[in-house]
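Remarks on the overall topology
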Amino acid sequence: MSEHTRPAGPTAGPTAGPTTGPTTGPTAGPTAGPTTGPTTGPTTGPAAWWRAFRRMPDSVRVSTYVVAGLVLSLVVAGLFALALARRPLPQTGGELEVPGVAGTVTVLRDGAGVPQVYADSVTDLAIAQGYVTAQERFFQMDVRRRSASGTLAELVGGGALPGDRVARTLGFRVVAQQEVALLSPDTRAFLEAYADGVNAYLAQQEPSELAVEYTLLDLDGADSAPEDWTAVDSLTWLKAYGWDLGGGAADEVERVLVADAVGSQRAEQLWPAYSHQTVTPVVTGGAVVDGRFEPGATEGGTRNPQRVGFGPRRVRAVGAAGRALDALPEGVGRGPGVGSNAVVVGAEASATGAPLLAVDPHLAAQVPGPFMQVGLHCRDVGPECPWDVAGFSLPGVPGVVQGHNAEVAWGMAAAGLDTTDLVVERIRDGRVLTDRRTRPVRTRTETIDVAGAGSELLTVRTTRHGPILSDIDPAAREAGEAAPAARGADLDEELAIAVQWAGSTPAPTLDALVDLALAEDVATARQALSSWAVPAVDVVLADREGTVGVQVAGAVPVRKSGRDTTEPTAGWRAENEWTGRTLAYGALPFTTQPADGVAVAANQAPVGTDYPFHLGTTWDPGSRASRLRDLVVSEPQDVGSLQEAQRDSLSPLAPVLVPALLAVGLDDGYADDGQRLLEDWDLTQPAAGSGAAAAAYLNATWRELLALTFHDELPAQVWPDGGPRWVEVVAGLLDSPQDPWWDDVTTDRVEDRDDVLRRAMLEARDELTRRQAREAEQWTWGHVHRLFLTSPGLVGDGVALDLARRVVEPDAWEVGGGPGAVDATGWDASRGFEVTTTPAMRMVLSLEDWDDSRWVSLTGVSGHPTSSHYTDQTDLLVAGGTLPFLFSPEAVADAADSELTLRPAP
């Protein structure tokens, strides 16, 4: 349980008792003697109570003994449980001996527990980062490697099996094993030293000393003793991180299911064309100078990928493939709501006279949060020990993923590039059909151990395109009738669905993180990013010399068609193939002269329509990017104004929907109470206070509107989540009052737009009345829009798992914001108002003075529920606050709350 939910202890002792001694009894000396015999004595106090208790009936006394015993047992059990929960808290002061460390390492922690590590060698620095991260977050690290490797069921039981099957099939660990050899010698040495530091900590602790979760999972008989950490573990998790933030497969599934339900023409309405004219891209202007089309990639650039005919059985197969992919545990989040805001401001647009950089990624609402703050410093920075960096790390991966060194700052936003395809394969007798011949399907067998339930065998089949999802969900084997190109094929032919992903090709992405940490300026930072593969990212950059810019980085597959694939393609057609190459890094968009001195990367299109290569089409519609850009270019910026911009909760839905809602006629009184809230609303979405009631009403109406408009015709698997794309969809429908989407096909009458708007408003009024109050002015958005932090590894049922969730998952916070807002607290309209994605951290960097920078994380540094640093930063983040992000040795030392010295083991 986190400190913010911990019950307060007693504030005073008993209110009655013998504080002054007896008030009655003998009043004379021994010569007088008692006047009433030996029964006379104190009538109050413990002695009197005890005499009265002894005169009670036996049944009462026995019952009292039992109750007292139970209470005492509960107290003892509670104290014992608290002691077990506090047992994993790390030592943060004094000295520790750490095998592998060659010199003295100092770890300073500030009042928020953020570790700043100082060492004399790169090896000692890496060992110390591994050691300190394991102190605070090892259970999270273990869950991450298990989820990515497909071994989580070994720890938590059968509830993790579906995800393990998908992870094994996608083969994150198989690819990671191949990537180790591709790393530079320096990166590999750093990675191995990090693992040594983790293992040094593991060797000194029992499982119950690593995390309370291990103790609780032991109740179900799990073997909780963790294996040693390896370099492959770090790379496997980094690979799964790339899968979470990359993609396209889920969108292809959704398009197929929607088209099957309502036809291709009406389905197109649900994917509005991207507005390049109204949304400023990440990189403005420019052209490909030294890049070129890959040979054979486009054939004139006019041929589209051939689509597959989708009969009923094949549609069921695609749906099954989508469900299989959904079973994979979310490392940092997937799907709508996952994204980032990243901004860089040049000196000409900065009130400080130097660049500023701000970033806040929006990821799954989890505890511990996805990032951990850390500083890694060589005491004497030079060629032999060049590290001097601080920022946010991914626990389990060495280095810093977002932050700065002494000269350069960087922040990342998901670029949303098209790096994944679903492919329909034709298979017979273990061979897959290509354009004119067949090739063998590769097969491997995986053994998945399950805590308390033995093990199961999983056969993974792979074609030249990628792993086959058919083997995860048997329903996917029913691939349906043959596509038009395959008519007349043998009926024994199997149609299967494979996943082709750029991340399945081994690449040295970790080299990029290490080289970025050592960059000397924006130019060398851009060079460092040339090794980055997945996920594709927009990286904003700034250096102390005043250069600012943004670079798109990632492995972008070159397709022979030259176009994207928004639906699964026919794997047997040559024109659908990838060429085996990725777009040359030098051809990826970048700028060091952004328009107005400001670059904004908020998941919108990375470049304009004149760019000659295909990067994708499914960008964020851009309302968040446009709003953020408007805020930043409106006046010269400083650290405070960028922080304020990050907290902006203006609703992108409100300008679209509010005018339509105000035009609807409702009865005076109860019916129009909510509508009247919208009349003078400023369109912001705070958790409480002015505007919170209107925000609650608008969002409740939005949820009802989506259900009334789309649930009657779309399968539940693709019901609207209410994200920014759906705002664009409804904006178009509002201009067509008689559009068929407004009609409820389950009724006898034909509904139009105003019918749906009226009913949505009335049902929203009833919903908020049930949930909060009859008086509309008393509603608040935060009352229903709550942030629950869940532990992603604790999946499944069982006493131990339920108890573990109760211990480690804190009570909810009431928050503002919403999907599409700059303060992007996403919620899924098909499920409820609870937050599904949230700012995972916020960082604003001042290159004029690093010590003037600010940061805050979704949760605290610690992964231990009894630590004071478990959710202390959640409280701060929800309140809109931040912490000082100190960097200079003097400032770090002055703010130090504890000092831990790591010394070589004898």
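Let me begin by describing the structure that accompanies this report. The model shown is predicted, which means the values in this text are computed figures rather than measured ones. (Residues numbered from 1 in each chain as written. Predicted model: local features only at pLDDT ≥ 70, side-chain atom pairs only at ≥ 80, totals over all residues. Heavy atoms only, no water.)

1. Thoughts on the overall build of the protein chain
Each helix and strand counted, the protein chain has 26 helices and 30 strands in total. Taking all 906 residues of the protein chain together, 56% fall into the buried category. Across the protein chain, the fraction of contacts at a sequence separation of at least 24, relative to all contacts at a separation of at least 6, is 73%. Surface summary for the protein chain: the accessible area is close to 36,200 Å², and the carbon and sulfur share equals 51%. (Helix = DSSP H or I, 4+ residues; strand = E, 2+ residues; numbered from the N terminus. Buried < 20%, exposed > 50% of the residue type's maximum accessible area, 1.4 Å probe, protein only. Contact = heavy atoms within 4.5 Å. Areas by Shrake-Rupley, 256 points an atom, 1.4 Å probe, with all protein chains shown as cover.)

2. Looking at empty space enclosed by the protein
For the structure shown, the criterion picks out ten cavities of 30 Å³ or more. Taken as a whole, the largest cavity spans an internal volume of roughly 150 Å³. Q140, V143, R144, Q366 and P792 are, among the 14 residues lining the largest cavity, the residues nearest its centre. Residue contributions to the lining of the largest cavity peak at five residues, all from helix α3 (residues 122-149). Partitioned by chemical class, the residues of the lining of the largest cavity number six nonpolar, six polar and two charged. Quantified by volume, the second largest cavity comes out at close to 100 Å³. When contributions to the lining of the second largest cavity are tallied by element, the ones reaching two or more residues are α10 (231-245), β4 (339-345), β5 (356-364) and β9 (408-414). In terms of residue class, the lining of the second largest cavity is made up of eleven nonpolar, three polar and no charged. (1 Å grid on protein atoms, 1.4 Å probe; cavity = no way out; pocket = protein on both sides within 12 Å on 5 of 7 lines; lining within 4 Å. Points joined across faces, edges and corners; volume = space filled by probe spheres on them. Nonpolar A, V, L, I, M, F, W, Y, C, P; charged D, E, K, R; others polar.)

3. Notes on the pattern of salt bridges
This model, assessed by the stated rule, comprises 39 salt bridges. The salt bridge involving R255 is made with D251; its shortest N-O contact spans 2.9 Å. Taken together, the residues R255 and D251, both in helix α11 (residues 249-262) and four residues apart, mark about one turn of the helix. Note on accessibility: R255 and D251 belong to one class, buried. Its salt-bridge partner being E767, residue R770 comes within 2.8 Å of it at the nearest N-O pair. Here the residue R770 and the residue E767 both occupy positions in helix α22 (residues 753-771), the gap between them amounting to three residues, near one helical turn. A single network of salt bridges, built from pairs that share partners, joins D142, R145, R146, E154, R173 and D233. (Salt bridge = Lys/Arg side-chain N within 4 Å of Asp/Glu carboxyl O.)

4. Observations regarding helix α6 (residues 172-179)
Of the positions making up α6, those classed as buried are F172, V175, A176 and E179. Projected onto a plane normal to the axis of α6, the buried residues spread over an arc of 100° and lie on a single side. Where α6 is buried, its residues touch α3, α5 (161-170), α10 and β15 (494-501). (Arc of directions from axis to C-beta.)

5. Describing the nonpolar core
Counting residues in hydrophobic clusters, the biggest one holds 212 residues, and the most contacted among them are M412, W702 and F710. For W702, the residues in contact, after removing those within four places along its chain, are L653, L657, G722, W726, V727, V730 and W827. (Core = buried A, V, L, I, M, F, W, Y, C linked by side-chain atoms within 4.5 Å.)

6. Side note on helix α20 (residues 692-710)
With 19 residues, α20 should cover 27 Å at 1.5 Å per step; its first-to-last C-alpha distance of 27 Å lies within 8% of that length. Among the 19 residues of α20, 17 are classified as buried, and the element is accordingly described as predominantly covered. (Expected span 1.5 Å × (residues − 1).)

7. Here we look at unusual backbone geometry
Following V367, the chain continues into P368 via a peptide bond in cis, with omega recorded as -5°. On the secondary structure map, P368 appears in the loop between β5 and β6 (372-378). A cis amide bond links V534 with the next residue in sequence, P535, at an omega value of -5°. The topology assignment puts P535 in the loop between α15 (522-528) and β16 (537-543). Phi at D429 is positive, roughly 55°, even though this residue is not glycine. Residue D429 is classed as exposed on the basis of its relative accessible area, which comes to 71%. A positive phi angle, close to 65°, is found at D596, a residue other than glycine.

8. Details of the sheet that holds strand β17 (residues 548-553)
Judged by pairing direction, the sheet is mixed, and its eleven strands sit side by side in the order β1-β30-β2-β3-β6-β7-β8-β9-β16-β17-β21 without closing on themselves. Each end of this open sheet is capped by a strand with a single partner; those strands are β1 (94-98) and β21 (590-591). For β1 and strand β30 (residues 898-904), the ladder comprises five bridges, and the chain directions are parallel. Bridging across to β30, E97 finds its partner in R903. (Pairing = 2+ DSSP bridges.)

9. Some details on the environment of S651
Here S651 lies in the loop between α17 (639-646) and α18 (654-662). Taking the C-alpha atoms as reference points, S651 and N699, 48 residues apart in sequence, are found 9.6 Å from one another. In this structure the side chain of S651 is engaged in a polar contact, spanning 3.1 Å, whose partner is the backbone nitrogen of A654. (Polar contact = N/O pair within 3.5 Å; in protein donor to acceptor, adjacent residues only side chain to side chain.)

10. Observations concerning the pairing of strand β7 (residues 388-393)
Of all six residues making up β7, six are buried, and the element is well covered by its neighbours. The pairing of β6 with β7 spans six bridges and is classified as antiparallel. Paired with M372 across the two strands is S393, which belongs to β7. Of the pairings in the sheet, the one linking β7 to strand β8 (residues 402-405) comprises four bridges and is antiparallel in character. If you follow F392 over to β8, its bridge partner there is Q402.

11. A few points about the pairing of β16
Of all seven residues that make up β16, seven are buried, and the element is covered over most of its length. The pairing of β9 with β16 spans seven bridges and is classified as antiparallel. Paired with A409 across the strands is A542, a residue of β16. Where β16 and β17 come together, six bridges link them in antiparallel fashion. Paired with A542 across the strands is V548, a residue of β17.

12. Structural notes on the packing of α18 against helix α21 (residues 724-734)
Viewed as axis vectors pointing N to C, α18 and α21 meet at an angle of 35°, and their least axial separation amounts to 10 Å. Crossing of α18 over α21 shows left-handed handedness. Contacts from V656, L657 and A660 of α18 reach α21 at V727, A731 and L734. For the contact of α18 with α21, the residue count by class is six nonpolar, no polar and no charged. (Axes fitted to C-alpha atoms, helices over the stretch in contact; angles between N-to-C directions. Left-handed = near helix turned anticlockwise from the far one by under 90°.)

13. Notes on the packing of helix α7 (residues 185-203) against α10
Between two packed helices, what matters for the description is the angle formed by their axes and the separation of those axes. Here α7 crosses α10 at 105°, and the two axes come no closer than 8 Å. Overall, the two elements α7 and α10 adopt an arrangement that is roughly perpendicular. Note on element contacts: α10 touches α7 through A231, S234 and L235, opposite L191, E192, Y194 and A195. Tallied by class, residues from the contact of α7 with α10 come to five nonpolar, one polar and one charged. (Parallel < 35°, antiparallel > 145°, perpendicular 65-115°, else oblique.)

14. Quick notes on the packing of aromatic side chains
Throughout the structure, instances matching the rule amount to 19 aromatic pairs. Ring geometry for Y697 against W779: centres 6.1 Å apart, planes inclined by 20°, an arrangement best described as stacked. One end of the pair, Y697, is in helix α20; the other, W779, is in the loop between α22 and α23 (781-784), with 82 residues separating them in the sequence. A relative accessible area of 0% places Y697 in the buried class. Cluster of aromatic residues (ring-pair linked, three or more members): F371, F392, W855 and F885. Directly above the aromatic system of F590 lies the positively charged group of R526, at a separation of 3.4 Å from the ring centroid. (Phe/Tyr/Trp six-rings, centres within 6.5 Å; stacked < 30°, edge-to-face > 60°. Lys NZ or Arg CZ within 6 Å of the ring centre and 35° of its normal.)

15. Quick notes on the environment of T701
Position of T701 relative to the elements: it lies in helix α20. On the basis of relative accessible area, T701 is assigned to the buried category, the value being 0%. When the C-alpha atoms of T701 and R765 are compared, they prove to be 8.0 Å apart, with 64 residues separating the residues in sequence.

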